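Commentary on secondary and tertiary structure
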Amino acid sequence: MRVPVGVKLLGVMVGSTLFYAWVGQLVPQKEVLPPEVVEMAEDMSTDELVGIGQEIFEGKGLCNTCHTIGQSGALRFPDLDGIAVRAATRVPGLDQLGYVAQSLYRPDAYVVPGFAPGMPAADKPPVGLSDDEIRAVIAYLQTLGGSATMTMATTLPYAQGAEPTDGADPPGGEVPPTATAGMAAGEPAPGTEAAVTLPADGAAAGAAGGGEAMLARFGCTECHATAAGGERSLAGVGGRLSRAEIERWLVDHRPPLPASYHQQVTLAQVRTMTDYLAGQ
Amino acid sequence: MRLPRFLPPPKMTPKWGIVFLVVLLLGGLLVAKAAQELDARLGYTPPIAVEEEQVTPRDQALLDAEAEAAEEARTRPYEEAEYRAVPRVGSRVTVWVVAQLKLLFAAFVLAVPMFVLIIELIGYRTKDARYDRLAYEFTSLLAPAFAMTAAFGGVLVFLLIVLYPKFTSYLMGVFSATMAPYIFLLFAEAGLFYTYYLSWGKVGPRLHLFLGLMLNLAGTALMFVANAWLTFMSTPAGISESGALISVWDAVNNYTWMPINIHRLIANVAFGGSIAAAYAAFQFLNAKTPEEREHYDWMGYVGNFVAVCGLLPLPFAGYWLASEIYAFSQTMGITMMGGAFSWLFIIQAVLIGNLFLGINYYLWLGMGRVEGRKVGRPLIPVLLGIITLCFVVWATPRSPISTPEEVAAMGGAAHPVLGVLGVMSAKNTAVNLIILATFVSFILYRRSAKRPTVRWSKAANWAQIAILLAAAATVVTFGIWGYFVPAEVRIGFSIPQVLSVLFAMLIVTFLDVLLLRSAESGTVRWGTMPARAQYVLIFLAVTFTWLMGLMGYVRSGLRQHWHVYGVIRDTSVDAFTPTLGFATQVVSVTVLIFFVLIGFIFWLAGLAHRKKGPAYAAEPAAEPAPEPGSGRGLAPAAARTATGGGGAPAPAGAGTAWEERP
């Protein structure tokens, strides 16, 4: 029997489509649900925090999308096995809680050598964890090589309304003494284009001159004009963005800034520049 | 009326008139008297009226509820709906299918003018009418496809406004500055297309080519504007954390805008070529005369050639796009390649593997229509082996689906042996080798009808072989080396792999053009391709379409539960990422709908061309053209001589676009 051409054409078309649909059924079938709100009670115990923290780590927090636990070799992001021990000594001046909290709230402030920056801040979208959820994640991370001590009453650095603990800024951000010794704020150092005397903390660094000079020193003014009407002008940015948004841009700029920026800039400097820009 | 004869005809006199009136009066009085007595006996009866129905408590409650609802509706303040639902199917699937259909037709409409312009230009430069007629026949497919694109575009906008009013309003707010240019470009493209199509052969050739160029520019610009909207949703820029617009240009020029522009431009060419080849295959299989078969064999070859030209650089554009996604968000990048969507790329490997197998098979079959020596025949099994092996490597998952016992036996989720093939080093190596093998198939096809005559041909042949082997060795070396270096170094290895393949293809092609410039040509018997080659072209078109649907899903699905990633959250009932099985079902349904519609367009086009059948049949088959894979002399002889264009729908009363007008 001679099969009409139209039937053959239909057969090829439907057959190949069904074949690909069948291939699609062979792979693992997983429906990814949007993250749910995690109910956190004020009187939760440390063990409860650890349990919730692990759930967030594996789900809503997307942590295990990139991080592994107990793997070695060529990894894209640091393995977290034993993080409780390493966190206490990773950055001089930061204790375990301070380091882990900084890693979650300001992941680009310190990047483990050998890895590229790229982790999103846990309290910002797309992850967008609440302070209590981050508290739970830290409790879980404390169990990776140590014991959890986190409670709902523990003061959490970087949480809303909280200030970082003393010495929370990475020391790598300190400007070399040669660039700062014996100079007034905003005065260029010999042999440098725009060196500044760094303030001791963000609160004391509100001077506009300091913030402006820092923008120049970190190369911001190479792309951004400071005068109104210039290309990507920063003039009036304080009216367009909130302080939090300006700070966010300074720590998580798009497109990403050179790694040297993240290696050098301190939180105090970020706040100085934020203060300056917020006043523009 | 006639009265009976025994009655004398009445004679009306005044006396009889008075008697008649008296009788009438007395009769009336008697009737009135009788009616009065009857009325007195029966009594008064009121007029018939409709009795009111008894209202049950339930009915009353319903009436009250209705009144209450009406009152509430009158007093309720206006609230903008965030979402509306489509029963049973759901809003997301409805928009998904319509958007994909619109995209497929738009891709076809944008791609065809690109290679039509090139074919027309070849015809103009060579003064060869065959190319002009071919370009016109390709263009004739555009008119109904254009209408389909516009129709689906309109439906899509309607659906977005109705089903996602709040989000659509936000998106239109951010990109309000781009709406006017978009509308202008839309009208410009439509106007230029119909001018280009309808003025074929009626205006000067240079003006016509200029119209074609402008049509392409308008279409490309239109796509770029639309791409800004959709890429913004995945990789937003130019807005604050709360979504307020800071810079329209930054929103347009987001991370993935230009990579998507380039990727789509190339992918559209590959897709358009494959659909045009499928049209030729359809017409070939329904051809009634040898001349028709000859013409559509050539047309199918050209369409497939265009598809291959688009397919080969596509993986490189894909690399760029993926790297920009990683640059925007490592989380998104890893979700794509190592998270929820990682298995999608196994399906993609099956599709692309089939594409390469099909393309190579078609080229190998094509060697059969060349008379004389077939230098490449012995290499076909080798090439088939390489392509199959690379296909298997590409489609090998790192972590196969396993039971807990199997995982325990393997010592982890990754298979101890096959897992080695599941990493990017192996896959990059496989895809580059497949591209090289396909390129070799094409070179062998070109050589099947040629014999170089230049003195240095032997040296050039060896140089070509050495370059190809060196490129393959580079690809394999970096592939193996990638297992022994950290990830950040390994990622960079894809660049020398890609560059070595591109370099080899460029140099070998350059040498080949020089070698074959004055070569002896064999005879190509167009129209002798077996029917299975035509079904391969149909299969390739389905696979291309399905692949576009799948990649459209991953591009959009990467946003997961976000309308605008990290900024505007999807809070609808569809804010979950469906299983890959469900996604492939939606893609399959979309592909089938597309082919039903495009099949209808092919059928319509076929009807239009069949009207010129007698002119065709009257044309004798002329000498065959000998040069496959090259520009000049590519076309079959029948097309060269046919007054109707060898099956091409030449415009009535017009010659070719390049003919000089008086």
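Residues numbered from 1 in each chain as written. Chains lettered and ligands numbered in written order. Predicted model: local features only at pLDDT ≥ 70, side-chain atom pairs only at ≥ 80, totals over all residues.

**Details of the overall build of chain B**
Check the secondary structure of chain B and you find 24 helices and four strands. Expressed as a percentage of the 662 residues in chain B, the buried residues total 44%. The contacts of chain B with a sequence gap of at least 6 include a subset with a gap of at least 24, amounting to 80%. (Helix = DSSP H or I, 4+ residues; strand = E, 2+ residues; numbered from the N terminus. Buried ≥ 20, exposed ≤ 12 C-beta atoms within 10 Å, placed from the backbone. Contact = placed C-beta atoms within 7 Å.)

**Examining the overall build of chain A**
The helix and strand tally for chain A stands at 13 helices and zero strands. Reading the helices (α) and strands (β) of chain A from amino to carboxyl end gives α-α-α-α-α-α-α-α-α-α-α-α-α. When the 280 residues of chain A are sorted by exposure, 36% land in the buried category. Look at the contacts in chain A between residues 6 or more apart in sequence, and 60% of them connect residues 24 or more apart.

**Thoughts on the nonpolar core**
Ranked by internal contacts, the top residues of the largest apolar core, which has 172 residues, are Phe-108, Val-112, Leu-436, Leu-537 and Ile-538 of chain B. With 21 residues, the top contributor of residues to this core is helix α3 (residues 91-126) of chain B. Sequence-distant contacts of Leu-436 of chain B, defined by excluding residues within four places in its chain, comprise Leu-468, Ala-471, Ala-472, Val-501 and Ala-504 of chain B. Leu-141, Leu-215, Leu-234 and Val-251 of chain A belong to the second largest nonpolar core, which has 52 residues in total. (Core = buried A, V, L, I, M, F, W, Y, C linked by C-beta atoms within 7 Å.)

**Structural notes on unusual backbone geometry**
Where the residue is not glycine, phi is negative for most of them; where a peptide bond is considered, it is trans in most cases. Positioned with a positive phi, Arg-88 of chain B is a non-glycine residue whose angle comes to about 65 degrees. When the 7 C-beta atoms within 10 Å are taken as the criterion, Arg-88 of chain B is described as exposed.

**Points about the interface of chain B and chain A**
By a widely used convention, the size of an interface equals the accessible area lost when the partners come together. If you look at the interface, chain B gives 51 residues, while chain A gives 38 residues. Mapped by element, the contributors of at least two residues to the side of chain B that touches chain A are α10 (257-285), α13 (330-337), α14 (344-366), α19 (487-492), α21 (531-557) and α22 (580-610) of chain B. In terms of residue count, α22 of chain B provides more of the side of chain B that touches chain A than any other element does, nine residues in total.

**So, the packing of α10 of chain B against α21 of chain B**
Residue and element names in this part refer to chain B. The contact between α10 and α21 brings their axes to 8 Å, and the two run at 145 degrees. The element α10 and its partner α21 pack so that their crossing is left-handed. Only Ala-531, Gln-534, Leu-537, Ile-538, Leu-540, Ala-541, Phe-544 and Met-548 of α21 make contact with α10, whose side of the interface consists of Ala-267, Ala-270, Phe-271, Ser-274, Ile-275, Ala-277, Ala-278, Ala-281, Phe-284 and Leu-285. Here the contact of α10 with α21 is built from residues that sort into 16 nonpolar, two polar and no charged. (Axes fitted to C-alpha atoms, helices over the stretch in contact; angles between N-to-C directions. Left-handed = near helix turned anticlockwise from the far one by under 90°. Nonpolar A, V, L, I, M, F, W, Y, C, P; charged D, E, K, R; others polar.)

**Concerning the packing of helix α12 (residues 314-328) of chain B against α13 of chain B**
All names here are of chain B. For the pair α12 and α13, interaxial distance at closest approach is 5 Å and the crossing angle is 135 degrees. It follows that α12 is oblique to α13 by the angle criterion. Residue-level contacts link Ile-325, Tyr-326 and Phe-328 of α12 to Gln-330, Met-332, Gly-333 and Met-336 of α13. Residue composition of the contact of α12 with α13, grouped by class: five nonpolar, two polar and no charged. (Parallel < 35°, antiparallel > 145°, perpendicular 65-115°, else oblique.)

**Examining α21 of chain B**
Counted at 1.5 Å a residue, the expected span for α21 of chain B with its 27 residues is 39 Å, and the 39 Å between its end C-alpha atoms agrees. The buried fraction of α21 of chain B is high, at 20 of 27 residues. (Expected span 1.5 Å × (residues − 1).)

**Some thoughts on the environment of Val-127 of chain A**
Residues and elements named next belong to chain A. Structurally, Val-127 is set in the loop between α5 (96-105) and α6 (131-142). Separated by 64 residues in the primary sequence, Val-127 and Cys-63 place their C-alpha atoms 9.3 Å from one another. For Val-127, the residues in contact, after removing those within four places along its chain, are Gly-61, Leu-62, Pro-120 and Ala-122.

**Topic: the confidence of the model for chain A**
Close inspection of predicted coordinates is inappropriate for parts of the model with low pLDDT. Residue and element names in this part refer to chain A. Here chain A shows a mean pLDDT of 76. Residues at 70 or above account for 79%. The element-level mean pLDDT for chain A is lowest in helix α7 (residues 177-180), coming to 29, with α6 highest at 94. Every residue in residues 165-208 is under pLDDT 50, and counting partners more than four places away or in other chains gives 79 contacts. (pLDDT = per-residue confidence, 0-100.)

**Some points on the environment of Ala-463 of chain B**
Residues and elements named next belong to chain B. Counting through the fold element by element, Ala-463 comes out in helix α18 (residues 457-481). For Ala-463, a count of 14 C-beta atoms within 10 Å translates into the label partly exposed. Sequence spacing of Ala-463 and Ile-507 is 44 residues, and the spatial spacing of their C-alpha atoms is 9.7 Å.

**Regarding the confidence of the model for chain B**
Residue and element names in this part refer to chain B. Chain-level statistics for chain B give a pLDDT mean of 84 and a share of 85% at 70 or above. At the level of individual helices and strands, chain B shows its lowest average pLDDT in helix α23 (residues 613-618), which scores 38, and its highest in helix α8 (residues 205-234), which scores 95. Contacts from residues 613-654, a stretch scored under 50 in pLDDT, to residues over four places away or in other chains number 115 contacts. Note on residues 658-662: pLDDT under 50 across the span, and seven contacts to partners over four residues away in sequence or across chains. The complex prediction reports pTM at 0.73, with the ipTM value standing at 0.79.

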